[in-house]
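Letter by letter, the chains look like this.
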Amino acid sequence: MWDVFFVFVAMAASGAPSEGQNVVAASPAPAGLIAEDQTPTGKFTTATEVKPIIAMTESSWVAVREWEGQDLIYVTHLWAWRCGLAQMEVSINDSAFEIWPLPPCHVDTAQPNGITDSDGAPYRTFDLNSVQDLSVKLTFDDLTTQEASFERKAVLLP
């Protein structure tokens, strides 16, 4: 069963981007970050454990929602796998990448990646219709990176 899963993960990771999605080549890890031990924990707290999932679910990394006269950019999916990430950066409309802090992992709980009230909201607000495209750059805790770009229409929630 696991060999089928890993074949599927490899195929998904190497597949062509979907419409409105543009995969960008990996870049060097940001200075100052230190690679963490990659011994699997079974709790999805390392890059080794979460990288295949994040690669397979790239189209779910971000979402844009029009709500009460604003654009909301959601990163809920990435927060749900954050324990294998060292850093997340977001660029809106080709602006410079900005680090969006990740909440801490709840390593002493049964669900370290769980999102709690104390983590804050997994979204930011912007002027209505101001977000036309997004780029996301992830640095995993093994210091590898993955980057993707998304057009508004590809991640706009109904």
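Analysis parameters
Residues numbered from 1 in each chain as written. Predicted model: local features only at pLDDT ≥ 70, side-chain atom pairs only at ≥ 80, totals over all residues. Heavy atoms only, no water. Helix = DSSP H or I, 4+ residues; strand = E, 2+ residues; numbered from the N terminus. Buried < 20%, exposed > 50% of the residue type's maximum accessible area, 1.4 Å probe, protein only. pLDDT = per-residue confidence, 0-100. Contact = heavy atoms within 4.5 Å. Phe/Tyr/Trp six-rings, centres within 6.5 Å; stacked < 30°, edge-to-face > 60°. Pairing = 2+ DSSP bridges. Axes fitted to C-alpha atoms, helices over the stretch in contact; angles between N-to-C directions. Core = buried A, V, L, I, M, F, W, Y, C linked by side-chain atoms within 4.5 Å.

## Notes on unusual backbone geometry
Phi is positive for N93, which is not a glycine, with a value near 55°. By secondary structure assignment, the location of N93 is in the loop between β4 (85-92) and β5 (98-99). Its identity is not glycine, yet L143 carries a phi of approximately 75°, on the positive side. Structurally, L143 is set in the loop between β7 (133-140) and β8 (145-151). By relative accessible area, which is 25% here, L143 ends up partly exposed.

## Things to note about the confidence of the model for the protein
On average, residues of the protein carry a pLDDT of 85, and 80% of them reach 70 or more. Every residue in residues 1-26 is under pLDDT 50, and counting partners more than four places away or in other chains gives 28 contacts.

## Considering the packing of aromatic side chains
For any pair of aromatic rings, the description consists of the separation of the ring centres together with the inter-plane angle of the planes. In the structure shown here, the tally under the stated rule is three aromatic pairs. The interplanar angle of 80° and the centroid separation of 5.7 Å between the aromatic rings of F44 and W81 together place this pair among those described as edge-to-face. One end of the pair, F44, is in the loop between β1 (21-24) and α2 (47-56); the other, W81, is in the loop between α3 (76-79) and β4, with 37 residues separating them in the sequence. Their ring planes at 65° and their centres at 6.2 Å tell us that W61 and F150 sit as a pair that is edge-to-face.

## Description of the sheet that holds strand β3 (residues 70-74)
The strand order across the open sheet built from three strands is β2-β3-β6, with neighbouring strands paired in antiparallel fashion. The open sheet is flanked by β2 (63-67) and β6 (123-127), the only strands paired with a single partner. On average, each strand axis in the sheet is tilted by 30° relative to the strand beside it, whichever way the strands run. With five bridges connecting them, β3 and β6 associate as antiparallel partners. Directly across from Q70, in β6, lies its bridge partner D127.

## Concerning the pairing of β7
Among the eight residues that make up β7, seven are buried, leaving the element largely enclosed by the rest of the structure. Taken together, the seven bridges between β7 and β8 define a ladder with antiparallel strand orientation. Considered in β8, the bridge of S135 is made with S149. Connecting the antiparallel pair β7 and β8 is a turn made up of four residues, with L143 showing a positive phi of about 75°.

## Examining the nonpolar core
Core analysis: the biggest nonpolar cluster contains 23 residues, and W61, V62, M88, L134, V136 and L138 have the highest contact counts within it. With residues up to four places along the chain from it excluded, the contact list for V62 reads Y74, V75, L134, V136, F150 and V155.

## A word on α2
For α2, a buried count of seven out of ten residues is recorded, marking the element as mostly surrounded by other parts of the structure. Taken together, the buried positions of α2 are occupied by A47, E49, V50, P52, I53, I54 and A55.

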